[in-house]
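What the coordinates show
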Amino acid sequence: MQPKGYLALVLHAHLPFVRHPEHERFLEEDWFFEALTETYLPLLEVFEGLARDGVHYRVTLSLTPTLLSMMTDPLLQDRYLRYLDERLEALAGERRRTEGDPYFHPVVQFYSDLYARLRRRFAEQDRKDVTQAFRRLMESGHLEILTCGATHGYFPLLAVNEESLYAQLSMAIRTHQRILGRRPRGIWLPECGYKPGVDRILNEFGLEYFILDSHGLLNADPRPKYGVHRPIRTPGGPAAFGRDYESSKQVWAAEEGYPGDPVYREFYRDAGFDVHEPHIKKILHAGIQTFTGLKYHRITGKTDWKEPYHPSWARDRAAEHAGHFMSNRQLQVQWLASFFDRPPIVVAPYDAELFGHWWFEGPLWIDYLLRKIAYDQNDIKTITPAEYLDRFSDLQPAAPPECSWGAGGFHEVWLNGSNDWIYPHLHAAAERMSAMVQRFPHADGLQRWALDQAARELLLAQSSDWAFIMKTGTSVDYAVRRFKTHVHRFSRLADMVETNSYDENYLRDVAARDSLFPDMDYRIFRLSAD
Amino acid sequence: METKTLEELRALAQARGLRDYDKLARKELLKLLAEKKSAPAKKSRPTAGTAKPRSRATAKTAARPAEPAPAPPTGAPGPGAYAAVQPAALTRPSPPDRVGGEEERIEEAKYAFVPRGEAPPTSTWATGLTENIEYFPGAREPTLCLLPQKPGILHAYWALPAEMPAPLQLRLCRMSGDGFEILQELALPAASGQWYFHVGEDAEPGGYFVHLGYYDERGEFVTAIHHGIARIPSLYASEHTDRLWRVSEDWFRAMYLRAGGFLRAGRLGWTAAIGSPGGAPGARLAWPGGVSSKPK
């Protein structure tokens, strides 16, 4: 039976490449471990459970090349096991501490069970590499996996040197293919950052579609007949899908949206600050008070007073919210279908880390939502953008405007008083890199090694995360140092190449630290998709 | 003042940090500006208000504008001062403007180690290699770049060898008919730096470029470097409808408004509010001055 419309749930999973083998422990590596624990592994559990139960569902997921690189990195895999083991040990101490406490002991037990289950799964089932679980779901047709810029470089502000866009795309597709075994059909543009001309380059790489924020379609020229509820054909060739505002609002808004419900877990209350026992202090980095991931309270209300968390209450509420979301989408497609002559699509994209890391019950909500859509109604069906294009290929030609999904909808998150100083360096380095590609088209030996590593350093410097963190004010020192480190390393390696004088020890050390993209070819910094 | 257009008066009001000026008629705006003449601007920032009256030029040189160029902001360059051949001190950039967006909080959470409001742990990691990460090579060639930031704002940066002739001027121009218009001009504060040009939220989206040059002994502007052409994004929906994909005004408006757009003076516009990092409901983030744009 033909549904009235389609829902494309799109999750964008991304973290910058953070790996510090030079230190036995490194605080910022916890970003990855926390996301694995609360988002990536729980999502895998949900997707696999749905497939096992024979539920029809389709989800679109972007796995960025930096994230894929970290997921497949042996050092980080081992460190993640250590992270889980340390928490399990701390939780044993917490079980003793809360013995007899009717409020907090059940929450501690809940975490103990969760961490033990995840550890078992990660070590035994995934053999420490979760990418292959995602790959299996892609091969079974449940997931469509998108690529992204190699290091999540923000295209509109890197486009001063188009070679940078070619390099970001070229390395992204190579990494996707190497780890997931398939060329991607679509791309999640980093931060949904688009400027006219990007569509043409995407087409050169054989990418069939991308996703824009709502105004990317609504303000397209000419006016899109179906608003954001049907993709448009861009002048360069790929299709552009538009984000649906209503479904975004219900999930994204922290307070008025679902994640702000009082029974859900409170993100900001953490045992790292609440518990002053040796077994908790042991998992803090160098004794610095930070989040541990062990959070025992629910949101409760807007004041600082927080009640204990009840996982079963939260589970029930997630089911209610899933039903609410589904019925709203039904009403939405019924309304749209009343004046559309083609089935509308509702594209609902979110940061994957919203589900689980921020909104702890988010993966459960997805589980309930997909089951309800499969069994409780006939108005909507889940679909991936590629499937939609396969079924409905007659698209209106229109040109999207320059846009992003950042605050305000344009570039100011990544270009403002806190981070604008990085762009002269990025542009100068990209110009130097492409000049070296032209000057040394057939490098080998040490020269090739240095050029490949210089290309890695430049890609790492281009990561949009540094500018974002500088703007938001979290971990600014780290972002500034990372940016400076990569620009400095790039410059030093470029100096070596240009003077034909190599410091082999330095080259080896840098290559061991910034070790992503083993199939790097520095010639990606040229105006060619070949 | 009396000769200025409404658009220019609004730009001036914006530059002086006045509020609600866009709701006033020309006469009321003149009165408000006269009253607030001596009031200092709320933020020291180059804005459209510091622009010269537009003049039209049809050649690559144009006469020196009659009014003096606005004084650039002073002060030591920040950590990002370009062409820092000498190692620059690693100083924390100035705190970013906060907009209180719920979604920014969610996005930030990916990188958060401490509760909101508490200082994040200082990152003191050493790379363990013999490298001075404060060292960046200076610009090899004179550089000038123009980037759009958001509707109404363009960002320029430049880096020049120290021996460039002084005083240098930076001009923002826009293609217009057979020639170009000079929209704003300022004296360069330093051999390296950056500037935010505010051109107004309703400004034409296309055809902006920057010239960096100097006035010769005859008072004519000589261009040394130029960069362009940049387009600024538009806040508004296109007025064009495809004949083959015809959409009625009513339907389009209904979809647009339901998707979070707004209707102002008969035009449909959209600015991110929900679901974007930093987007606070109701915040006019895409308007000039909404977020950031701090001059160095």
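Remember, predicted model here, so these are calculated numbers, not experimental data.

Some thoughts on the overall build of chain B
When its secondary structure is counted, chain B shows four helices and 10 strands. Listed N to C, the secondary structure of chain B is α-α-β-α-β-β-β-β-β-β-β-α-β-β in terms of helices and strands. Looking at the 296 residues of chain B, the share that counts as buried comes to 51%. Pairs at least 24 residues apart make up 63% of the contacts formed inside chain B by residues separated by at least 6 positions. Of the roughly 14100 Å² that chain B leaves accessible, carbon and sulfur atoms contribute 53%.

Regarding the nonpolar core
Leu11, Phe47, Phe134, Tyr350, Trp365, Ile366 and Met433 of chain A are the most contacted members of the largest nonpolar core, which has 219 residues in total. The leading source of residues in this core is helix α1 (residues 30-52) of chain A, at 12 residues. Leave out the neighbours within four places in its chain, and Ile366 of chain A touches Leu9, Leu11, Leu43, Val46, Phe47 and Phe355 of chain A. Core analysis: the second largest hydrophobic core is formed by 22 residues, Leu172, Leu212, Ile225 and Ala230 of chain B among them.

Structural notes on empty space enclosed by the protein
Residue and element names in this part refer to chain A. Applying the stated criterion to the full structure yields eight cavities of 30 Å³ or more. What the largest cavity holds in volume is close to 120 Å³. What lines the largest cavity is a set of 14 residues, and nearest its centre among them are Arg25, Asp30, Arg82, Glu86 and His285. Here the lining of the largest cavity is composed, by residue class, of five nonpolar, one polar and eight charged.

Describing the sheet that holds strand β6 (residues 232-233) of chain A
Residues and elements named next belong to chain A. Taken together, the five strands give an open sheet; going across it, the order is β4-β5-β7-β6-β10, and neighbouring strands pair in mixed fashion. Of all strands in the sheet, those with a lone pairing partner are β4 (186-187) and β10 (396-397), marking the two edges. Of the pairings in the sheet, the one linking β4 to strand β5 (residues 209-212) comprises two bridges and is parallel in character. What sits directly across from Ile187, in β5, is Phe210.

Side note on unusual backbone geometry
Asp221 of chain A connects to Pro222 of chain A through a cis peptide bond whose omega is -5°. Phi angles above zero are rare outside glycine, and Thr300 of chain A is one such case at about 70°. Relative to the elements of secondary structure, Thr300 of chain A occurs in the loop between α12 (278-281) and α13 (311-337). Although it is not a glycine, Ala265 of chain B adopts a positive phi angle of roughly 50°.

Notes on the sheet that holds strand β3 (residues 153-159) of chain B
Strand pairing in a sheet relies on backbone hydrogen bonds. The paired strands run either parallel or antiparallel. Residues and elements named next belong to chain B. Strand order in the open sheet formed by three strands is β2-β3-β6, and the pairing between neighbours is antiparallel. Two strands close off the open sheet at either side, each with one partner strand: β2 (143-150) and β6 (192-198). Here the average twist between neighbouring strands, direction ignored, is 20°. Sheet topology places β2 next to β3; seven bridges connect them, and they run antiparallel. Looking across to β3, one finds that Leu146 is bridged to Ala156.

Some points on the interface of chain A and chain B
Facing 106 residues of chain A, the contacting portion of chain B comprises 97 residues. Together, the buried faces of chain A and chain B total about 9500 Å²; carbon and sulfur atoms form 62% of this surface. On the chain A side of the interface with chain B, the three residues burying the most area are Arg223, Arg481 and Lys484 of chain A, jointly 9% of the side's total. Applying the counting criterion to the chain A and chain B interface returns 27 residue pairs in polar contact (both at pLDDT 80 or more). With 14 residues, helix α19 (residues 476-499) of chain A is the largest single contributor of residues to the side of chain A that touches chain B.

Details of the pairing of strand β8 (residues 221-230) of chain B
Summarising the sheet, strand β7 (residues 208-215) of chain B and β8 of chain B pair through eight bridges and their orientation is antiparallel. Looking at the pairing, Gly213 of chain B lines up with Thr223 of chain B of β8 of chain B.

Concerning the UniProt feature "active site" (unreviewed entry) in chain A
All names here are of chain A. The positions that UniProt labels "active site" (unreviewed entry) are, in the present scheme, Glu191 and Asp351. A maximum C-alpha distance of 10.0 Å is found for the annotated residues, which run over 161 residues; spatially they form one tight group. Assignment of secondary structure puts Glu191 in the loop between β4 and α8 (198-204). Dropping the residues within four chain positions of it, Glu191 is found in contact with His152, Tyr154, Ser404, Trp405, Trp414 and Ser464.

Quick word on the packing of aromatic side chains
All names here are of chain A. In this structure the tally under the stated criterion is 54 aromatic pairs over all chains. Between Tyr80 and Phe122 the ring centres are 4.8 Å apart and the planes differ by 90°, which places this aromatic pair in the edge-to-face class. Residue Tyr80 is found in helix α3 (residues 74-97), and its partner Phe122 is found in helix α4 (residues 105-125); the two are separated by 42 residues along the sequence. Each member of the pair, Tyr80 as well as Phe122, carries the same accessibility label: buried. Taking the centre distance of 6.3 Å and the plane angle of 75° together, the rings of Phe241 and Tyr388 count as edge-to-face.

Quick look at the pairing of strand β1 (residues 5-13) of chain A
Residue and element names in this part refer to chain A. β1 sits mainly inside the fold: nine of its nine residues count as buried. Neither face of β1 is left uncovered, since the one carrying Gly5, Leu7, Leu9, Leu11 and Ala13 and the one carrying Tyr6, Ala8, Val10 and His12 both have all their residues buried. Note: β1 against strand β8 (residues 345-351), seven bridges, orientation parallel. The residue bridging Ala8 from the neighbouring strand is Val347, located in β8.

Here we look at helix α16 (residues 422-439) of chain A
Here α16 of chain A contains 18 residues, and its C-alpha end-to-end distance of 26 Å stays within 8% of the 26 Å for a straight helix at 1.5 Å per residue. Here α16 of chain A lies mainly inside the structure; 13 of its 18 residues are buried.

Some remarks on the state of the cysteines
The tally for this structure, following the rule as stated, stands at zero disulfides over all chains. Between Cys403 of chain A, a free cysteine, and Cys192 of chain A, which holds the nearest cysteine sulfur, the sulfur-to-sulfur gap is 7.8 Å.

Overview of the packing of α3 of chain A against α4 of chain A
All names here are of chain A. Following both chains from N to C, one finds α3 and α4 inclined at 155°, their axes separated by 10 Å at the closest point. On the basis of their axis angle, the class for α3 and α4 is roughly antiparallel. When the axes of α3 and α4 are compared, the crossing they make is left-handed. Touching Gln77, Tyr80, Leu81, Leu84, Asp85, Arg87, Leu88, Leu91, Glu94 and Arg95 of α3 are His105, Val108, Gln109, Tyr111, Ser112, Tyr115, Ala116, Leu118, Arg119, Phe122 and Ala123, all from α4. Taken together, the residues of the contact of α3 with α4 sort by class into 12 nonpolar, four polar and five charged.

Focus on the pattern of salt bridges
Residue and element names in this part refer to chain A. Evaluation of the coordinates by the stated rule reveals 51 salt bridges over all chains. With a closest N to O distance of 2.9 Å, Arg19 and Asp73 form a salt bridge. Here Asp73 lies in the loop between α2 (65-71) and α3 and Arg19 lies in the loop between β1 and α1, a separation of 54 residues in the sequence. This pair shows no difference in class: Arg19 is buried, exactly as Asp73 is. One connected set of salt bridges, linked through shared partners, spans Lys225, Arg230, Asp341, Arg342 and Asp394.

Details of the confidence of the model for chain B
Residues and elements named next belong to chain B. Per-residue pLDDT for chain B averages 66, and the proportion of residues at 70 or more is 56%. Confidence drops under a pLDDT of 50 for residues 38-100, and excluding neighbours within four residues, the segment shows 153 contacts in the predicted structure. Scored below 50 in pLDDT, residues 273-296 shows 120 contacts in the model against residues more than four places distant or in partner chains.

Definitions and limits used
Residues numbered from 1 in each chain as written. Chains lettered and ligands numbered in written order. Predicted model: local features only at pLDDT ≥ 70, side-chain atom pairs only at ≥ 80, totals over all residues. Heavy atoms only, no water. Helix = DSSP H or I, 4+ residues; strand = E, 2+ residues; numbered from the N terminus. Buried < 20%, exposed > 50% of the residue type's maximum accessible area, 1.4 Å probe, protein only. Contact = heavy atoms within 4.5 Å. Areas by Shrake-Rupley, 256 points an atom, 1.4 Å probe, with all protein chains shown as cover. Core = buried A, V, L, I, M, F, W, Y, C linked by side-chain atoms within 4.5 Å. 1 Å grid on protein atoms, 1.4 Å probe; cavity = no way out; pocket = protein on both sides within 12 Å on 5 of 7 lines; lining within 4 Å. Points joined across faces, edges and corners; volume = space filled by probe spheres on them. Nonpolar A, V, L, I, M, F, W, Y, C, P; charged D, E, K, R; others polar. Pairing = 2+ DSSP bridges. Axes fitted to C-alpha atoms, helices over the stretch in contact; angles between N-to-C directions. Buried area = accessible area lost by both parts, 1.4 Å probe. Polar contact = N/O pair within 3.5 Å; in protein donor to acceptor, adjacent residues only side chain to side chain. UniProt positions renumbered as here; feature names shortened; annotations may be inferred. Phe/Tyr/Trp six-rings, centres within 6.5 Å; stacked < 30°, edge-to-face > 60°. Expected span 1.5 Å × (residues − 1). Disulfide = S-S within 2.5 Å. Parallel < 35°, antiparallel > 145°, perpendicular 65-115°, else oblique. Left-handed = near helix turned anticlockwise from the far one by under 90°. Salt bridge = Lys/Arg side-chain N within 4 Å of Asp/Glu carboxyl O. pLDDT = per-residue confidence, 0-100.

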